[in-house]
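# Structural description and commentary
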Amino acid sequence: MIIIVKDKATEKQVNELMEWLSGFNVRTNLVTGVHSRIIGLIGDTTSIDVDSVKAREAVEAVKRVQEPYKNANRRFHPDDTVIEVGGKRIGGGSLAVIAGPCSVETEDRLMQTAIAVKEAGADFLRGGAFKPRTSPYAFQGLGREGIELLIQARKETGLPIVTEIMDLSDLDLFADVDIVQVGARNMQNFTLLKALGRCDKPVLLKRGLSATLQELLMSAEYIMSEGNSKVILCERGIRTYEPETRNTLDISAVPLLRQKTHLPIVIDPSHATGLSSLVEPMSLAAVTAGADALEIEVHIDPKSAWSDGAQSLTPEQFRASMKKIRALESFVRNEL
Ligand code: PEP
Ligand code: MN
């Protein structure tokens, strides 16, 4: 962190500032030039709030030279994090595919979809039991019963399950869930993130609708700083001015996050586009960009789905896409 001192700041004010900064366990280095004075901070500055530095009398401007996240930072953890769950791996070079319906609807529909995605080569089963819907009148999910059905589907297929938590008070219901998803709308629910940080369960953290990558990484940091290092980041499209797609998929997030963090990166082409016809091309783009996993919505009969039918693939479409995804995966892995 570099601090530019105000021209008119007195020596006493500067000394007070340096003393205050030393309280954060960093070394301070005052450089006095002809026209300006600068303080360089050496050490771990993650716990120093830039705004509270700016609020000090003697400070003209502050610049961070290091990222404010530490646990998620590749600088301090050069090797990729690989998350092993239910006999499957996410991260470290292979491509995991998470597939299933937007919402858990009925036992019959979930079982049929679970068997179909398993046969097509999916590694994990997804399905929402608690649904964050824009309208309070839309289907809100089956709740506890939905989780029970997912567990039953896991028994049937052997696929580990991924499902979203919306409220901390439901945490006990997730005890037997393999990966807990935090949805885009909850990316900055810091109470929820901290509580998940105290669990020993992988968390699939989705990027908020208008969140920057740094904000996503800071949310991961909330989980990790409480002790849980099993965080999987998910780019699921961000809101832009383009109305043709539900969101705009930020594919550059994959290589950029790869540079900044060691955490695995998932692309969700379904929520990113809102259109089933774009799911396959965006999945292939994600594989090419180096994603560690894909999360794809598949429904046994999309036109009668209780949520997100327009972006859901039929089992046949999913099977056809999986062939291309797996072929591209091995090409990318062997040739690039
Ligand atoms: C979901 O995956 O079911 C979901 C609601 O996604 P998002 O939080 O990305 O909108
Ligand atoms: Mn959905």
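Up top is the structure these notes are about.
Residues numbered from 1 in each chain as written. Chains lettered and ligands numbered in written order. Predicted model: local features only at pLDDT ≥ 70, side-chain atom pairs only at ≥ 80, totals over all residues. Heavy atoms only, no water.

Another point: the overall build of the protein. Along its length, the protein carries 10 helices and 14 strands. With respect to the principal axes defined by its C-alpha atoms, the protein has extents near 75 × 45 × 40 Å. Within the span of the protein, comprising 336 residues, buried residues form 50% of the whole. For the protein, the proportion of contacts with a sequence separation of at least 24, taken over those separated by at least 6, is 67%. A total accessible area of about 15500 Å² is found for the protein, and carbon and sulfur atoms account for 50% of it. In the protein, 40 side chains carry a positive charge and 45 a negative one; their mean positions are 2 Å apart. (Helix = DSSP H or I, 4+ residues; strand = E, 2+ residues; numbered from the N terminus. Buried < 20%, exposed > 50% of the residue type's maximum accessible area, 1.4 Å probe, protein only. Contact = heavy atoms within 4.5 Å. Areas by Shrake-Rupley, 256 points an atom, 1.4 Å probe, with all protein chains shown as cover. Lys, Arg positive; Asp, Glu negative; His and termini not counted. Charge placed at Lys NZ, Arg CZ, Asp CG, Glu CD.)

What is expected of a backbone is that most residues other than glycine have negative phi and most peptide bonds are trans. Phi is positive for asparagine 25, which is not a glycine, with a value near 65°. Among the secondary structure elements, asparagine 25 is positioned in the loop between helix H1 (11–22) and strand S2 (27–32). Classification of asparagine 25 by relative accessible area gives exposed; the value is 73%. One non-glycine residue, aspartate 308, adopts positive backbone phi at about 55°. Mapped onto the secondary structure, aspartate 308 falls in the loop between strand S14 (293–297) and helix H10 (315–335).

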